[in-house]
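Now for the letters of each chain:
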Amino acid sequence: MPELPEVEVVRRGLERHVTGRTIASVDVLHPRAIRRHVPGAIDFASRLVGHSLDAARRRGKYLWVELSSGEAVLAHLGMSGQMLVQSADAPDEKHLRVRVRFADDGPELRFVDQRTFGGLSVEDTVVVDGETLPEPVAHIARDPMDPAFDLDAAVRALRAKRTEVKRALLDQTVVSGIGNIYADEALWRARVHWARPTERLSAAKARELIGAATDVMAEALVAGGTSFDALYVNVNGQSGYFDRSLAAYGQEGLPCPRCGSPIRREPFMNRSSFSCPRCQRRS
């Protein structure tokens, strides 16, 4: 699943290429692409046509575009969702699900999703702590790249969870944006085993851990995110290359960049956790 850096790469592309433009038409080419929009495809299109896209926003891993109507188009990228800006005469992608054309006859916006786990929906907005958010995102915590992020509050929330530290890192109501990849990388940088109980995490170590997550996501953003295949791309269809810099995630059997011990993979929540058995001891 895309995490904060990958979503931010897409947000910046949308901000650059589609904001300020007025929607002329919307074609829904697969019903699953708007299944979260309960009123259906006709209503989805009618609530977009004639309105402009005012701004592209993100909180953590959640991405949306504000409409001039005051509503928001919330994009769930899922495992393979792509928001592509394409010339109108470019061939349709095999897995094209939604097409948005604009009144200026410029490049169109396409939602492409091979596995159809993602989707788009038009949502009402609410104001939370002075910020306008789509209703489904209202409960999501701020992420470390948010100027209003409160590190002390995040440290307290993390230590109060009474669970394994990685589970707490992945809890989007504690701190948003961190997924499996960057959790493993942050834990490796902070020398913390993923299964350490949060109540045994000092405030200083929790602060170091969140700082490590912030740093690694910032570095990944510079590299365009982490792409293991052609499914994670920016609006121009280009993949990120931070996978070349990963120290722990996906590196099973390879030497730890710090001590040389083989990186270990362990089962975690129907997924995997990667760590160094020497640098990140359970005890």
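Look above for the structure.
Fair warning: this is a prediction, and the values are worked out from it, not measured in the lab.

Conventions we followed
Here, residues in each chain are numbered from 1, in the same order as that chain's written sequence. The predicted origin of the model limits local features to residues at a pLDDT of at least 70 and limits the giving and counting of side-chain atom pairs to 80 or more, whereas totals for whole chains, interfaces and linings rest on all residues. Here the side-chain values reflect all heavy atoms present in the structure, with hydrogen atoms and water set aside. Secondary structure elements follow DSSP: runs of H or I of four or more residues count as helices, runs of E of two or more count as strands, with numbering from the N terminus. Our radius of gyration looks at C-alpha atoms and nothing else; its globule reference is 2.2 Å times the residue count to the power 0.38. Per-residue accessibility, obtained with a 1.4 Å probe over protein chains only, is compared with the maximum for each type, and a residue is labelled buried under 20%, exposed over 50%, and partly exposed between these values. When checking whether two residues touch, look at their non-hydrogen atoms; a contact exists if any pair is within 4.5 Å. The convention is simple: Lys and Arg are positive, Asp and Glu are negative, and His and the chain ends are not counted. Taken as the charge location is NZ of Lys, CZ of Arg, CG of Asp or CD of Glu. The term salt bridge refers to a pairing of a side-chain nitrogen on Lys or Arg with a carboxyl oxygen on Asp or Glu at a separation within 4 Å. By convention a nonpolar core is built from buried Ala, Val, Leu, Ile, Met, Phe, Trp, Tyr and Cys residues, the set being connected through side-chain atoms within 4.5 Å. In this description, one arc is meant: the one made by directions from the helix axis to the C-beta atoms. Polar contacts, as used here, are pairs of N or O atoms within 3.5 Å; protein pairs need one atom able to donate a hydrogen and one able to accept it. Residues neighboring in sequence count only if both atoms are side-chain atoms.

Description of the overall build of the protein
Along its length, the protein carries six helices and 12 strands. Taking 283 residues into account, the globule formula puts the C-alpha radius of gyration at 19 Å, and the protein, at 20 Å, falls close to it. Within the protein, buried positions represent 53% of all 283 residues. Put simply, of all contacts in the protein between residues at least 6 apart along the chain, 63% involve residues at least 24 apart. Within the protein, one finds 39 positive and 37 negative side-chain charges whose respective centroids are separated by 9 Å.

Quick look at the pattern of salt bridges
Counted under the stated rule, the structure contains 29 salt bridges. Between D146 and R142 there is a salt bridge; the shortest N-O distance is 3.0 Å. Taking the shortest distance from any N to any O, the salt bridge between R282 and E266 comes out at 3.2 Å. Here R282 is found in the segment after β12 (271-275), whereas its partner E266 is found in strand β11 (residues 264-268), with 16 residues between them in sequence. According to the relative accessible area criterion, R282 is partly exposed, its value standing at 48%. A residue is classified by how much of its surface remains accessible, and E266, at 12% relative accessible area, is buried. One salt-bridge network, in which partners are shared between bridges, spans D27, D92, E93, R99, R101, E108 and R110.

Focus on the nonpolar core
L158 and L209 are the most contacted members of the largest nonpolar core, which totals 43 residues. Mapped onto this core, the elements with two or more residues apiece are α3 (151-159), α4 (165-170), α5 (180-190) and α6 (203-222). No other element matches α6, which puts eight residues into this core. Beyond its immediate sequence surroundings of up to four residues, L158 is in contact with V165, A168, L169, V174, T198, L201, A206, L209 and I210. Membership of the second largest hydrophobic core comes to 29 residues, among which are V10, V73, F102 and V235.

Concerning α3
Among all positions of α3, only A154, V155 and L158 are buried. On an axial view of α3, the arc spanned by its buried residues comes to 100°, and they lie on one face. Where α3 is buried, its residues touch α4 and α6. Put simply, D150 is the residue that caps the front of α3, since its side-chain oxygen is 3.2 Å from the backbone nitrogen of D152.

A short note on unusual backbone geometry
The backbone phi angle of D129 is positive, close to 50°, even though this residue is not glycine. Relative to the assigned elements, D129 resides in the loop between β9 (125-128) and β10 (131-134). You can call D129 exposed: its relative accessible area is 67%. In this structure, N270 is a non-glycine residue whose phi angle is positive, near 60°. Turning to its location among the elements, N270 is positioned in the loop between β11 and β12.

Without other data, these values stay purely geometric and don't point to any function.
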